Amino acid sequence: MEDNYSLNYNEGTSLKEEYLAHVIYETGRKQLLKEHLKNVAEYAEKICPLPELKNMCHLTGILHDAGKAGEENQDDFRAILKYGENVHKHNLDHSTAGGRIANELAENRMFSEIIGIAVYSHHGLQDCIDLQTGRTLEERRSEKSIDDELIKQRFFRMFDKNALEEKCTAAKGDFEYISNQIGSFMKKDQLHNRKCGNGDFFMGMYIRLLISMLIDSDWTDTSCFSQGISLPERISAEKTQQVWKDSTYYFENCFLPQVRKDPSNGNLLNEYRQQISDLCMAAAKDEQRLYRLTVPTGAGKTLSSLRFALHHAIEQKKQHIIYVAPYNSILEQNALEIRRAVGNPEIVLEHHCNVICEDEKKERKYRELTETWDSPIIVTTAVQILNTLFSEQKSCIRRMHTLCNSIIIFDEVQAVPDKCTELFNLAVNFLTVFCNITVILCSATQPTLAPRAENNICECMEMTGEIKKYADTFKRTEIIDKTGLCPGGMEITDLRDFVLDKTEVFKSILIIVNTTTCARNLFLSLKGECNESEYQLFHLSNNMCAEHKLDKLEQIKAALKEAKTGKKVICVSTQLVEAGVNFSFGCVVRSKAGLDNIIQAAGRCNRHKELEGLGAVYIVQMSKEAENLSHLPEIRAAQNALQKVLDEYRNIPDNPGGSLDSQEAIKKYYDNYNHELSTEEAKYPTKNYHTTLVDLLGKDNTGRNQYKRSHNPKSKRPLFAQAFQTAGKEFEVISNESKISIVIPYDEKAKTSIEKLESNHLKGDEKRKEIRLLQRYTVGISEWRRDKLNNAIHQICDNEILVLSKGYYDEEVGVSDDPKMDILMM
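Reading the values: the criteria
- Residues numbered from 1 in each chain as written.
- Predicted model: local features only at pLDDT ≥ 70, side-chain atom pairs only at ≥ 80, totals over all residues.
- Heavy atoms only, no water.
- Helix = DSSP H or I, 4+ residues; strand = E, 2+ residues; numbered from the N terminus.
- Rg over C-alpha atoms; globule rule 2.2 N^0.38 Å.
- Buried < 20%, exposed > 50% of the residue type's maximum accessible area, 1.4 Å probe, protein only.
- Contact = heavy atoms within 4.5 Å.
- Areas by Shrake-Rupley, 256 points an atom, 1.4 Å probe, with all protein chains shown as cover.
- Lys, Arg positive; Asp, Glu negative; His and termini not counted.
- Charge placed at Lys NZ, Arg CZ, Asp CG, Glu CD.
- Polar contact = N/O pair within 3.5 Å; in protein donor to acceptor, adjacent residues only side chain to side chain.
- Pairing = 2+ DSSP bridges.
- Phe/Tyr/Trp six-rings, centres within 6.5 Å; stacked < 30°, edge-to-face > 60°.
- Lys NZ or Arg CZ within 6 Å of the ring centre and 35° of its normal.
- Salt bridge = Lys/Arg side-chain N within 4 Å of Asp/Glu carboxyl O.
- Expected span 1.5 Å × (residues − 1).
- Axes fitted to C-alpha atoms, helices over the stretch in contact; angles between N-to-C directions.
- Parallel < 35°, antiparallel > 145°, perpendicular 65-115°, else oblique.
- Left-handed = near helix turned anticlockwise from the far one by under 90°.
- Nonpolar A, V, L, I, M, F, W, Y, C, P; charged D, E, K, R; others polar.

**Overview of the overall build of the chain**
Consideration 1: Secondary structure summary: the chain contains 30 helices and 21 strands in total.
Consideration 2: Computed over the C-alpha atoms, the radius of gyration of the chain is 29 Å, within 12% of the 28 Å expected from 2.2 N^0.38 for a compact globule of 826 residues.
Consideration 3: For the C-alpha atoms alone, the extent of the chain along its principal axes is close to 90 × 70 × 60 Å.
Consideration 4: Sorting the 826 residues of the chain into buried and exposed places 58% on the buried side.
Consideration 5: In the chain, of all internal contacts separated by at least 6 residues, the share reaching a separation of at least 24 is 77%.
Consideration 6: Counting every atom, the chain has about 35400 Å² of accessible surface; 47% of that belongs to carbon and sulfur.
Consideration 7: Of note, the chain has its 106 positive side-chain charges centred 1 Å away from the centre of its 121 negative side-chain charges.

Here's what the structure looks like:
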């Protein structure tokens with residue numbers, strides 16, 4: 001697939017024929033077009049991790065800016081050199097010419113169209129068929145008026161046409177290899193009736209990879225030119241292997257012995273955590289690419305999966321280990337653990353919105369790394385990795401190729417949003433089947449246990465073998481159904497009294513409800529009944545900024561240490577503490593939701609078997625008035641699915657599935673849940689079209705139907721229909737509809753940053769640094785609540801940032817609609 005010759009570049013063009021690609025007015029520096037195209041082509045080929053894409057990478061690099069050889073673009077560069085950036089004509093077309101040259105060089109229409117799509121998309125994704133007009137991307141580009149002949153003349157004076165044709169022949173062979181690989185997978189999938197494949201989707205992902213490497217190479221060369229530096233060397237395979245060897249040695253000989261001796265991990269459970277860890281290490285020698293790590297909560301999934309990844313990276317010569325968690329609270333906690341485990345914090349890139357850099361230089365370096373992920377270990381959120389795969393943002397697309405030849409650990413995989421389920425499944429299949437990526441799906445409640453009608457994840461290997469083996473060992477709680485305690489559901493006062501009763505027995509109790517309003521009302525009701533000399537009362541919800549929540553978590557952990565001999569501890573929270581937070585209560589009360597929520601909540605109870613017996617986890621049903629779920633259809637669907645399991649287990653006490661946290665119960669729950677959701681809900685329904693993102697990124701029936709309506713029936717069928725741009729714009733992991741971010745002046749750090757930004761003196765990296773710091777102090781509120789707060793919110797930083805006024809934020813419950821008059825009067 002990979003040829004052994006270098007592309008022949010014409011030499012000796014006269015000065016008159018030296019065309020520009022970039023210019024800097026202040027210094028008069030120029031980058032020649034030939035140099036830029038050559039750099040991008042060679043760099044794209046160099047960083048390409050898949051041999052079958054290297055030739056295509058080279059071609060897209062050579063062709064992407066070919067249109068800059070046109071007179072209109074050259075006039076623009078000359079004007080900038082003479083008069084400055086203010087005269088720059090933005091949006092001049094310089095990509096259409098590259099696509100047309102590809103059509104001339106390549107005999108295969110399908111192959112040349114792929115090159116064209118990548119070239120046309122290097123400044124932004126394009127739809128292969130316009131969903132409004134039905135016109136194909138090739139048709140739209142053919143209508144553009146450019147000086148074809150002049151551009152081609154100049155281009156082929158820079159680059160030898162015969163050499164390019166040879167490159168095209170090699171690339172065409174690679175494309176046929178890719179097509180055959182996809183075809184072979186689809187045939188096997190149909191033969192075994194697994195329903196794991198979507199050929200159009202997989203081809204679309206290959207195209208996105210091509211665009212990823214083109215954007216990365218183009219941006220890298222442009223940045224290096226502007227800074228006057230050479231193109232950087234990415235971390236070599238040899239250096240990465242040494243990193244894995246050093247990290248594995250430290251993990252096995254320094255870190256692991258300390259963990260196994262730590263008494264806080266629970267002596268009774270530590271032996272079994274070691275067994276799980278050893279099984280994970282043994283699995284690292286396998287060449288399997290898709291694993292499930294299904295073990296109970298508290299069984300050490302993070303460190304066991306990391307141990308597997310380090311050994312597997314050496315065995316299979318992987319380039320990156322990427323750890324993915326659904327929530328920042330889990331991520332920050334585990335990022336610290338991962339740094340400790342590998343013994344070298346410098347090899348770990350932590351990528352999420354709460355990372356703060358010390359100075360402008362580090363801020364700039366960090367921003368570059370988050371766009372390339374050029375680091376051995378990347379610790380990031382599900383939002384970031386799903387954006388890498390599906391968002392239209394060029395900074396996200398740029399790093400997609402970094403995923404190839406890596407190991408990706410998805411922790412708490414059950415937290416992937418329902419609407420993203422099938423997109424996620426197909427992406428995992430593409431990455432593991434075609435991109436030499438090993439994926440580990442970690443969860444105590446595996447959603448992939450229940451098959452879907454289509455777009456399933458491929459067959460997984462259980463990393464620890466028999467799932468049931470550790471269920472009894474790690475059984476620390478009894479899940480008790482109390483949903484029928486109050487006909488019509490509990491009111492706030494009913495739940496308050498229930499909680500106070502159980503607190504007398506267990507001394508510490510965590511209550512998790514489904515809405516912030518319910519959490520606030522329950523907390524205030526308890527506060528009215530709890531004497532401060534006897535109780536420590538806590539509240540956690542997304543009405544509080546991240547820094548505030550972290551402070552509360554530390555206070556809760558400290559209080560729990562004293563709970564047996566000191567004050568009783570009550571914590572009221574929404575589901576933000578449900579997974580990954582390392583604390584342990586004597587009892588948990590969970591408002592009815594999904595069985596996965598119940599089991600994850602149970603992981604916060606008797607975590608290290610510190611109680612003499614089992615901890616109690618109560619499922620309760622709230623009334624519609626106490627907990628309004630009218631705007632939360634996913635939770636209502638989860639409740640219905642759980643209720644069917646509860647009814648079955650109530651009617652058959654000796655159910656062969658055993659307890660509610662058994663794998664049999666989990667599978668029944670997910671089967672029920674899949675039936676509760678409509679067929680479309682797991683395919684990411686679109687807002688603006690009657691279709692889904694799974695369809696838009698695959699066959700795109702909407703686009704194809706529009707094409708049929710707007711064309712003669714005898715017209716050639718479109719070869720590609722993927723609506724990359726439309727799908728990319730529609731895609732968001734967490735819906736921000738009706739959500740407005742407001743900054744909370746929670747502590748002195750936040751107040752100082754707000755004051756700096758209010759001064760309007762900060763520029764560039766310094767301004768970005770302060771804005772990034774304030775991410776930890778933001779709360780998302782609805783449009784309705786924004787209007788209600790009205791003058792309590794003011795704008796700073798050229799109206800970019802909204803700040804909540806002093807007095808509208810409560811130390812106990814967060815954002816408050818009613819001002820604290822005593823603070824306002826201070």
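Next, the rest of the story.
**Structural notes on the side chain of N514**
Consideration 1: Looking at where N514 falls in the secondary structure, it is placed in the loop between β11 (508-512) and α19 (516-527).
Consideration 2: Judged by its relative accessible area of 10%, N514 falls in the buried class.
Consideration 3: Looking at N514, its side chain comes within polar contact range of the main-chain oxygen of K592, at 3.0 Å.
Consideration 4: If we skip the residues at most four places from it in the chain, N514 touches R590, S591, K592, A593, E627, L629, L632, I635 and Q639.

**Here we look at the pairing of strand β7 (residues 406-410)**
Consideration 1: Of all 5 residues in β7, 5 are buried; the element is thus mostly enclosed.
Consideration 2: With burial as the criterion, each face of β7 is covered, one bearing S406, I408 and F410 and the other bearing I407 and I409.
Consideration 3: By the bridge criterion, 4 bridges tie β7 to strand β8 (residues 438-443) in an arrangement that is parallel. Considered in β8, the bridge of I409 is made with I440.

**Thoughts on the packing of aromatic side chains**
Consideration 1: Applying the stated rule across the entire model yields 24 aromatic pairs.
Consideration 2: Taken together, a centroid distance of 6.2 Å and an interplanar angle of 75° make the contact between F201 and F202 edge-to-face. For the pair F201 and F202, one class covers both residues: buried.
Consideration 3: Centre to centre, the rings of Y746 and Y777 are 6.5 Å apart; their planes meet at 40°, and the pair counts as tilted. With Y746 in the loop between β16 (739-743) and α27 (748-758) and Y777 in the loop between α28 (764-773) and β17 (778-782), the pair connects residues that are 31 residues apart, well separated along the chain. Both residues of the pair, Y746 and Y777, belong to the buried class.
Consideration 4: Above the face of the F156 ring, K161 is positioned so that its terminal group lies 5.2 Å from the ring centre.
Consideration 5: Taking NZ or CZ as reference, K568 lies 5.1 Å from the ring centre of Y535, over its face.

**Observations regarding the sheet that holds strand β6 (residues 377-381)**
Consideration 1: In space, the 7 strands of this open sheet follow the order β5-β6-β4-β7-β8-β3-β9, with parallel pairing throughout. Every interior strand has two partners, whereas the edge strands, β5 (348-351) and β9 (461-462), have only one.

**Comments concerning the pattern of salt bridges**
Consideration 1: Applying the stated rule across the entire model yields 50 salt bridges.
Consideration 2: Connected through salt bridges with shared partners, the residues E71, D75, R78 and R154 form a single ionic network.

**Here we look at the side chain of R496**
Consideration 1: As for its position among the elements, R496 is in helix α18 (residues 492-506).
Consideration 2: Using a relative accessible area of 15% as the deciding quantity, one classes R496 as buried.
Consideration 3: Among the polar contacts listed, one links the side chain of R496 to the side chain of D497, at a separation of 3.1 Å.
Consideration 4: Setting aside anything within four residues of it in sequence, one finds R496 in contact with L522, S525, L526 and E529.

**Describing the environment of S584**
Consideration 1: Within the secondary structure, S584 is located in the loop between β13 (568-573) and β14 (587-591).
Consideration 2: Along the chain, S584 and K609 lie 25 residues apart, while their C-alpha atoms are 9.5 Å from each other.
Consideration 3: Leave out the neighbours within four places in its chain, and S584 touches L560, R604, C605, N606, R607 and E610.
Consideration 4: For S584, the side chain forms a polar contact with the main-chain nitrogen of N606, separated by 3.1 Å.
Consideration 5: Within polar-contact distance, the side chain of S584 engages the backbone nitrogen of R607 at 2.8 Å.

**Comments concerning helix α8 (residues 161-192)**
Consideration 1: A rise of 1.5 Å per residue sets the reference length of α8, with its 32 residues, at 46 Å; its end C-alpha atoms lie 46 Å apart and thus fit the reference within 8%.
Consideration 2: When α8 is considered as a whole, its buried residues turn out to be A163, L164, K167, C168, A171, D174, F175, I178, I182, F185, M186 and D189.
Consideration 3: Following α8 by one or two positions, N193 has its phi on the positive side, about 55°.

**Details of the packing of helix α9 (residues 199-227) against helix α17 (residues 421-434)**
Consideration 1: Contact pair α9 / α17: the axes reach a minimum separation of 10 Å and the direction vectors enclose 70°. Taken together, α9 and α17 sit at an angle that is classed as roughly perpendicular. As α9 runs across α17, the sense of the crossing is right-handed. Counted together, F201, F202, M205, Y206 and L209 of α9 and L423, L426, A427, N429, F430 and F434 of α17 form the full contact between these two elements.
Consideration 2: The residue makeup of the contact of α9 with α17, split by class, is 10 nonpolar, 1 polar and no charged.

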